[in-house]
Every structure is written in structure tokens, then in C-alpha cells.
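Structural description and commentary
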Amino acid sequence: MANWQGVAEFVAVAESQSFTRAAVQLNVSTAHISRQVRDLEQRLGSELLYRTTRRVSLTEAGQIYYQHCRPLLDGLGNAERAVGNLQTIPQGLLRITAPVTYGERHITPLINRFLQQHPKVTIHCELTNQQLDLIDSNYDLAIRLGRLENSDLIAKRLGSRQLWTCASPAYLAAHGEPHTLSELSHHQCLVGTLNHWRFNNAGQDQMLRVEGVLRCNSGEALLDAALCDLGIVQLPDYYVTTAIASGKLVSVLNSYQPENEGIWALYPPGRQHSPKVRMLIDYLVEHL
């Protein structure tokens, strides 16, 4: 069985390159640090540190041992925090950002109920379709939809959304229903922020450039335009499922419907140890 005695002291010396600074860091005496490291070297049968009057540095054996010990200490710290957080009441300020419409319809109602259950938490929520920098802007959590860009942020999948391509019965009666992607070039497409739509063509993702009489960064405005018989629209399910179910809109190009997209919680490294962040994410996962 592994003996942990002296490991924390050795790592502190290796990182500070000083017995004195290591003692201050661990709030013990320099003599204690020296004794623990010496006993560790004797137990291993190898010298870990070069000692001079001016500096302390790692031997080759010390470098190898440090590389193995540092992750072990990090894991032990994470384990202790994880157990401690189970007994911690979430409290304090939590800053979160989410897309406007999805935030209004799905996130903020859950935030309100979360606050009812945890009265010591305060939440500042900004609804915006801009992708804010979480670290520079000091946000604890962001809700993002669709495909994620590569970043140093940690992602937790909360659920999924489906894109639907649809139009009103009156528009289709007047202009015909498209059955292939190439036919979209003959139709009025109601375009959002991006100038392309996503499809699945024979098992492969395909981005198709579309044009039409309206371009708008509001999903609600595009939905209303489709209901006004102005063209074909591609929108996430939470905009159009009610209209499709009632017959006000008709789903088209169903054989090209793209794969479900993710709904994500993103947070900077280290935030997962915060009880308020962890418990809010768990709450969103459960209820979304």
C-alpha cells in the first residue's frame, strides 16, 4: 500500500524551490519539511533534490517522482472537495448567460424554481445571442445551443434540439412543396443570422446556402413570416412544434432532416466544484 507521508512536503519544495517557502505554504516549520523529505528519500532509496546554500532543484529521480505525485495530489484534493461539497449549502452570486428565446422559454422558468428551493443563491442572468467570453466577463455558466467551438471550457450536455424546415399550407399550395434540396433555390427562404441551413443528405451533414425575401436575427419574426405565407423557414423545435401540430405549418424535406443538436451548459474549469454551479446544472439536466 502506498505511503503518502512526505509527498505533499516534497511537491511543495519542488514547486517553490525552497524549503522555507514550502514551510510557509503548508504552515509548518522548515525543520518539519526537511525531515519529511529526508525520510521520503530514505524510503525510496533515491535522492530527489539537489541542495545548495542558494537553491534547491530536482534530481532526475525527483523530476520523475514529481510528475507522478502532482496529479495524485490534485486528484486527492478534488476527491476531498467533492465529498465536502455534498454537505455544502449553495449560496452567493451565480452569473449565467443564455440565448434570448430559449432562455425566456426554458431556462429562466427553471432558474426561478431553482431560486425558490435555494434562497441563499442570487442569480444574475443575461439573455443574449452573443457568445460572451465567460472568463473575461466573469460568468459562471453559459447555455449554448448547437455545435460547440473548441475551447478550454467544460461542456455538459443538458438535452437536444431538432431543426425543422417548414412552411404554411397556403405558401405550399401557391408555390409547391420542395422534395429535394436543389428545389430550395426556387423558393423564398426566410433566413436567420446564418445564410445557410443544415441538412442530412444520405447520412452526411450538408450546409446549403439559402436566400429569400426576409433576413432577420429573430426566430419569432421568422416564425411569424412563415405563418404569414412569406416562405420556407428552418427553426428549432421550440419555435415551430406547436404550429406544426395545429396544422398552421407543414414540415417539408423530412428525409433531409439533420441530426439533433446539443443543448449545453458551459463553464470555466474549476467552477464544477462550486455547489451552486453544480446543483444548478444538475437541476437543468433533470428538468430539461
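Higher on the page you've got the structure.
Since this is a predicted model, take the numbers as computed values, not measurements.

Basis of the calculations
- Residues numbered from 1 in each chain as written.
- Predicted model: local features only at pLDDT ≥ 70, side-chain atom pairs only at ≥ 80, totals over all residues.
- Heavy atoms only, no water.
- Salt bridge = Lys/Arg side-chain N within 4 Å of Asp/Glu carboxyl O.
- Helix = DSSP H or I, 4+ residues; strand = E, 2+ residues; numbered from the N terminus.
- Buried < 20%, exposed > 50% of the residue type's maximum accessible area, 1.4 Å probe, protein only.
- Polar contact = N/O pair within 3.5 Å; in protein donor to acceptor, adjacent residues only side chain to side chain.
- Contact = heavy atoms within 4.5 Å.
- Core = buried A, V, L, I, M, F, W, Y, C linked by side-chain atoms within 4.5 Å.

1. A word on the pattern of salt bridges
The final tally for this structure, using the stated rule, is 7 salt bridges. Its salt-bridge partner being Arg-70, residue Glu-15 comes within 2.7 Å of it at the nearest N-O pair. Here Glu-15, found in helix H1 (residues 7-16), pairs with Arg-70, found in helix H4 (residues 60-86); they are 55 residues apart in sequence, far enough to count as distant. Note on Glu-15: relative accessible area 37%, which makes it partly exposed. Among the ionic pairs, Glu-261 bridges to Arg-198, the shortest N-O distance being 2.6 Å. With Glu-261 in strand E14 (residues 261-267) and Arg-198 in strand E9 (residues 196-201), the pair connects residues that are 63 residues apart, well separated along the chain. Each member of the pair, Glu-261 as well as Arg-198, is classed as buried. Linked through salt bridges whose partners overlap, the residues forming this network are Arg-161, Arg-198, Asp-205 and Glu-261.

2. Let's talk about the side chain of Arg-144
Within the secondary structure, Arg-144 is located in strand E5 (residues 141-145). A residue is classified by how much of its surface remains accessible, and Arg-144, at 12% relative accessible area, is buried. A distance of 3.0 Å separates a polar side-chain atom of Arg-144 from the backbone oxygen of Leu-132. Leaving out residues up to four positions away in the same chain, Arg-144 has contacts with Gln-131, Leu-132, Leu-134, Gly-262, Ile-263, Trp-264 and Leu-266.

3. As for the nonpolar core
Within the largest apolar cluster, 35 residues are counted, with the highest numbers of intra-cluster contacts made by Ile-96 and Ile-143. Contacts of Ile-143, omitting those with residues within four sequence positions, involve Ile-96, Thr-97, Ala-98, Pro-99, Tyr-102, Ile-107, Leu-158, Ile-263, Trp-264, Ala-265 and Leu-284.

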